[in-house]
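Structural overview for review
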Amino acid sequence: MRKTPFLSRRDFLKISGFTAASLAFERFNGWWDAPPTPPEALFIVRVATDEINIYPEPDYESEAVGVCGRDELLYVYDSITSPYGPVTNPRWYRIEQGYVHTSHLQRVETHLNQIEYNIPETKRIAEVTVPMTLSFRYHERTDWQPLYRLYYQSVHWVTEVGYGPNGHAWYGLEDDLLGIVYHVPATHMRLIEPEEISPIHTDVPPELKWVLVDLSRQTATAFEDDTEVFHTDVSTGLPNRTPQANGVPTITPAGRFNINIKMPVRHMGNGEVTSDINAYELPGVPWVSYFYQTGVAFHGCYWHDNYGNQMSHGCVNMRPAEAKWIYRWATPECNTIQRVTGGHGTFVRVVA
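Residues numbered from 1 in each chain as written. Predicted model: local features only at pLDDT ≥ 70, side-chain atom pairs only at ≥ 80, totals over all residues. Heavy atoms only, no water.

1. Some remarks on the sheet that holds strand β22 (residues 296-300)
Here we have five strands laid out as an open sheet, ordered β23-β22-β21-β20-β24, and mixed in their pairing. Two strands close off the open sheet at either side, each with one partner strand: β23 (316-318) and β24 (341-342). Packed onto the sheet, helix α3 (residues 320-329) meets β20 (261-269), β21 (281-292), β22 and β23 and runs at close to 40° relative to β21. (Pairing = 2+ DSSP bridges. Helix = DSSP H or I, 4+ residues; strand = E, 2+ residues; numbered from the N terminus. Contact = heavy atoms within 4.5 Å. Axes fitted to C-alpha atoms, helices over the stretch in contact; angles between N-to-C directions.)

Right, here's the structure in full:
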């Protein structure tokens, strides 16, 4: 296993770049140590796109009264179903300045975790439990440099533990796509126990399990023989059959397939090493079950809440907990130490 130059306490104190890196981290992070949530607020959401408009009424036809930018955190005081729609997702939130539609918001929470100092050679899977955390990458020549923002409910491989740029315990995370290691505060990550992702419904013969994805209704339904055991709204691919830069169209293909590869963690996007928050980089996409050769999969989504509408580049976007259910239920079966599990698995039928 490749080891990063993760630091002992004595080595850490020698780093000349400590002050600048520490200040950069603290400016980004200080909000979560004592989140000033008003007692009347129901919960907090994160803006997960470049910007969204604030409206005086829960109605896109009303004139916008403000704008919120990417990664702003908003206090929600009410959640409503608007008579003004949109029909496929009429859910709006009331915030202090007015109303915002839920489509590009992520509901978030803040949970700080106990630190595990014994990371096995097989590594551990962990999820982010704060609205977002800033990762840093260490290099001998440049010291600590900020990298990706990692978001609530994203999942990552923890490889090691050591001291980060602010002198506290940080985990080293190995990027499954790029093979590089970057680091985040250990308290921002919850290590996932094996029983949380152990296979379920194992008494059902694998050949009786199958999933129906309805593109017109934007739903996914799991069956055991003729019995429905799971149903939810999803977001499939945008209706563009023209191949993108990678040669793959964004529309989700219809047909008969089988889940053939499963991964608990996948970095999706262009694969750039960048700190640009607007770059198409999605590290830590959770609970991925591939069923088509171009990389179409069921997976958890932390960058929108617009289920029932086409949103993806071809995959079947699901709420993380629901993608996790599919991941555990479908075959091939996998465990917590496998990076990739392959095999001829659960049948998937995608209908237009």
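Having seen it, we continue.
2. What about the nonpolar core?
Ranked by internal contacts, the top residues of the largest apolar core, which has 31 residues, are Val213, Phe291, Phe298, Met318, Ile326, Trp329 and Val348. Secondary-structure elements contributing two or more residues to this core are β12 (155-163), β16 (209-214), β17 (219-224), β21, β22, β23, α3 and β25 (347-351). Per-element accounting of this core gives the leading share, five residues, to α3. When sequence neighbours within four positions are dropped, the list of residues in contact with Val213 reads Thr219, Ala220, Thr236, Phe298, Val316, Val348, Arg349, Val350 and Val351. (Core = buried A, V, L, I, M, F, W, Y, C linked by side-chain atoms within 4.5 Å. Buried < 20%, exposed > 50% of the residue type's maximum accessible area, 1.4 Å probe, protein only.)

3. Observations concerning the side chain of Asp71
Looking at the element boundaries, Asp71 is found in the loop between β3 (66-69) and β4 (73-76). Asp71 has contacts with Arg46, Val47, Met132, Arg149, Tyr151 and Ile277, leaving out every residue within four places of it along the chain.

4. With respect to empty space enclosed by the protein
Tallied over the full model, the rule gives one cavity of 30 Å³ or more. What lines the largest cavity is simply Val155, His156, Trp157, Leu173, Glu174, Asp175, Asp176, Tyr182, Val265, His267, Pro283 and Gly284. At the level of secondary structure, the elements contributing two or more residues to the lining of the largest cavity comprise β12, β13 (169-174), β20 and β21. For the lining of the largest cavity, the residue count by class is six nonpolar, three polar and three charged. (1 Å grid on protein atoms, 1.4 Å probe; cavity = no way out; pocket = protein on both sides within 12 Å on 5 of 7 lines; lining within 4 Å. Points joined across faces, edges and corners; volume = space filled by probe spheres on them. Nonpolar A, V, L, I, M, F, W, Y, C, P; charged D, E, K, R; others polar.)

5. Examining unusual backbone geometry
The amide bond that connects Gly85 to the next residue, Pro86, takes the cis arrangement and shows omega of 5°. Mapped onto the elements of the fold, Pro86 is located in the loop between β5 (78-81) and β6 (91-95). Cis geometry marks the peptide bond from Thr331 to Pro332, where omega comes out at 5°. Its location among the elements puts Pro332 in the loop between α3 and β24. Despite not being glycine, Asp71 has its phi angle at roughly 70°, a positive value.

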